[in-house]
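Report on the structure
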Amino acid sequence: MDALEAIKTRRSVRKFSDRPVEPEKLQAVLEAAQLAPSWANMQCWRFVVVQDSAVKEKISELSYVEVFFAPKGYRTNPAQKALAEAPLVVVACAEPTHSGDLRGQQYYMADVGIAAENIMLAAHAQGLGSVFVGVFDEEGVGELLDIPPEIRIVGLFPIGYPLEEGKGAPKRKPLDEIVFYEKWKA
Ligand SMILES: Cc1cc2nc3c(=O)[nH]c(=O)nc-3n(C[C@H](O)[C@H](O)[C@H](O)COP(=O)(O)O)c2cc1C
């Protein structure tokens, strides 16, 4: 699968079989994250790979949306169960002081965001599925995994073999709504 094909066919996966992820596939996913571009190549990201079922279960409990935040239209985090069911969860963290902080923009979010897309595409290209989970209790997950308080936890990525069939083309705004040529158009 080439890069464009992977980008076009990737969808968020929230249902996983219990088939284990081969260590070499996990390794390829982690290397894809490692290869992402970052602010001044400072590589502020850190990743905690969780495979222990009891710990995944606790992470899932800490991602119950009503604890603190409810995105529009959801009563619970749609990825909550996936965090317990997937054979592994990659917890993507950042050391914010190892990235840019300019014009009030904290670029560690961009660094980890790019690594996150690499993780999801590398998973997909190998027949695995994943989803970016941004809704979770950061303090709770940090305490559970002994992550120091100065490290930010940006996202959780359950990874495994998808149980669900491909969901078809993703719904996206048309290009003419999001792309302007030469100047911004209101
Ligand atoms: C920063 C970010 C945070 C997200 N957080 C969650 C989440 O907490 N739970 C969830 O089920 N999906 C989450 N998603 C997945 C989005 O809902 C999903 O990417 C979007 O609906 C588009 O669908 P697609 O990935 O299948 O193309 C998140 C995605 C991003 C980029």
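Just above sits the structure.
Let me begin by describing the structure that accompanies this report. (Residues numbered from 1 in each chain as written. Predicted model: local features only at pLDDT ≥ 70, side-chain atom pairs only at ≥ 80, totals over all residues.)

Turning our eyes to something else, we now look at the overall build of the protein chain. Assigned secondary structure in the protein chain consists of seven helices and six strands. The secondary structure elements of the protein chain, listed N-terminal to C-terminal, are α-α-β-α-α-β-β-β-α-β-α-β-α. Computed over the C-alpha atoms, the radius of gyration of the protein chain is 17 Å, within 12% of the 16 Å expected from 2.2 N^0.38 for a compact globule of 186 residues. Overall, the protein chain is about 55 × 40 × 35 Å in size when its C-alpha atoms are taken along their principal axes. Residues counted as buried form 30% of the 186 residues belonging to the protein chain. Considering only contacts in the protein chain between residues 6 or more positions apart, those separated by 24 or more positions represent 80%. (Helix = DSSP H or I, 4+ residues; strand = E, 2+ residues; numbered from the N terminus. Rg over C-alpha atoms; globule rule 2.2 N^0.38 Å. Buried ≥ 20, exposed ≤ 12 C-beta atoms within 10 Å, placed from the backbone. Contact = placed C-beta atoms within 7 Å.)

Judged by nonpolar contacts, the single largest core of 41 residues is most densely connected at Val89, Val91, Ala92, Ile119 and Phe157. Sorting the residues of this core by element identifies helix H2 (23–34), strand S1 (45–50), helix H4 (80–85), strand S2 (88–94), helix H5 (108–125) and strand S6 (152–160) as the ones contributing at least two each. Take this core: its biggest share by element is nine residues, from H5. Excluding anything up to four places from it in sequence, phenylalanine 157 contacts Val89, Val90, Ala92, Ala116, Ile119, Ser130, Phe132 and Val133. (Core = buried A, V, L, I, M, F, W, Y, C linked by C-beta atoms within 7 Å.)

Attention now moves to the pairing of S2. Burial runs high along S2: seven of the seven residues are buried. In this sheet, S2 lies alongside S1 in antiparallel orientation, the contact comprising six bridges. Directly across from phenylalanine 47, in S2, lies its bridge partner alanine 92. Alignment of S2 against S6, held across seven bridges, turns out to be antiparallel. By the bridge assignment for S6, alanine 94 is matched with arginine 152. (Pairing = 2+ DSSP bridges.)

Once that is clear, we can look at the sheet that holds S2. Taken together, four strands build an open sheet; the order of strands is S1-S2-S6-S5 and the sheet is antiparallel. Each end of this open sheet is capped by a strand with a single partner; those strands are S1 and strand S5 (129–130). In this structure, S5 lies alongside S6, joined through two bridges in antiparallel fashion. Across the sheet, the residue bridging to glycine 129 is glycine 160, located in S6. Contacting S1, S2 and S6, helix H3 (residues 53–61) crosses the sheet at an angle of about 120° to S1. (Axes fitted to C-alpha atoms, helices over the stretch in contact; angles between N-to-C directions.)

With their axes 8 Å apart at the nearest point, H2 and H5 run at an angle of 150° to one another. Between H2 and H5, the crossing angle belongs to the class labelled roughly antiparallel. Along this stretch, H2 crosses H5, giving a crossing that reads as right-handed. Along the contact surface, H2 presents Ala28, Val29, Ala32 and Ala33, while H5 presents Ala115, Asn118, Ile119, Ala122 and Ala123. (Parallel < 35°, antiparallel > 145°, perpendicular 65-115°, else oblique. Left-handed = near helix turned anticlockwise from the far one by under 90°.)

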